[in-house]
Amino acid sequence: MSENCIFCKIIEGDIPSTTLYEDEEFKVIFDIFPASKGHVIILPRYHAANIFELPQEITAKAFVLAKKIATVLKKVLGCDGINILQNNGEAAGQTVFHLHIHVIPRFKDDNMGLTWKQGQASLEVLEEIVTEAKKYL
Ligand code: 5GP
Ligand code: ZN
């Protein structure tokens, strides 16, 4: 539990939320400002600000749970697609610094606008990245 963390407070039950699912390690709640009907966020009970701080074992379990939740939402809502999305850092759009995974049901022509301007890949740049990354992978 981290002081002044809104998601820790939600996990502790100090701030109300609507829970879809919970177990010993996770709480899955409906997003208060949903991008679509059924938009939920998966909160590990463990406080990690972002993916870099999350222990490996919880990271693995979180994605398994994301698949389970996505599968259930698809059945319940009959949506046409689902985005599983996770932001790290302000530059990436993170606004709450307790790691969470968004599971966002999508409906044909919902105009939600989760897109980006396509760039142009440069082989030279890609090769540079691969060379550097190989030192750590
Ligand atoms: P981020 O932008 O950090 O990836 O996502 C944070 C999400 O948390 C946002 O989609 C926002 O709507 C949601 N959120 C922020 N405060 C609360 C809250 O008090 N309750 C719930 N249920 N969701 C919240
Ligand atoms: Zn927290």
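The shown structure was predicted, so the numbers you read here are calculated from the model rather than taken from an experiment. (Residues numbered from 1 in each chain as written. Chains lettered and ligands numbered in written order. Predicted model: local features only at pLDDT ≥ 70, side-chain atom pairs only at ≥ 80, totals over all residues. Heavy atoms only, no water.)

Caption draft 1: Fine view of the pairing of strand S3 (residues 40-44). For S3, the buried fraction is high: five of the five residues fall into the buried class. Residues Val40, Ile42 and Pro44 point to one face of S3 and Ile41 and Leu43 to the other, with burial holding for every one of them. Bridge analysis of strand S2 (residues 26-30) against S3 gives five bridges, and the strand direction is antiparallel. Within S3, the position partnered with Lys27 by the bridge is Leu43. (Buried < 20%, exposed > 50% of the residue type's maximum accessible area, 1.4 Å probe, protein only. Helix = DSSP H or I, 4+ residues; strand = E, 2+ residues; numbered from the N terminus. Pairing = 2+ DSSP bridges.)

Caption draft 2: Looking closely at helix H2 (residues 56-77). Spanning 22 residues, H2 covers 31 Å between terminal C-alpha atoms, matching the ideal 32 Å at 1.5 Å per step. For H2, the full list of buried residues reads Ile58, Ala62, Leu65, Ala66, Ile69, Ala70 and Leu73. Across the axial projection of H2, the buried residues extend over an arc of 150°, all falling on one side. Exposed side chains of H2 directed beyond 90 degrees from the buried face belong to Gln56, Glu57, Phe63, Val64, Lys67, Lys68 and Lys75. For H2, the elements touching its buried residues are strand S1 (19-22), S2, S3, strand S4 (81-85) and strand S5 (101-106). Backbone geometry just after H2 places Gly78 at a positive phi near 65°. (Expected span 1.5 Å × (residues − 1). Arc of directions from axis to C-beta. Contact = heavy atoms within 4.5 Å.)

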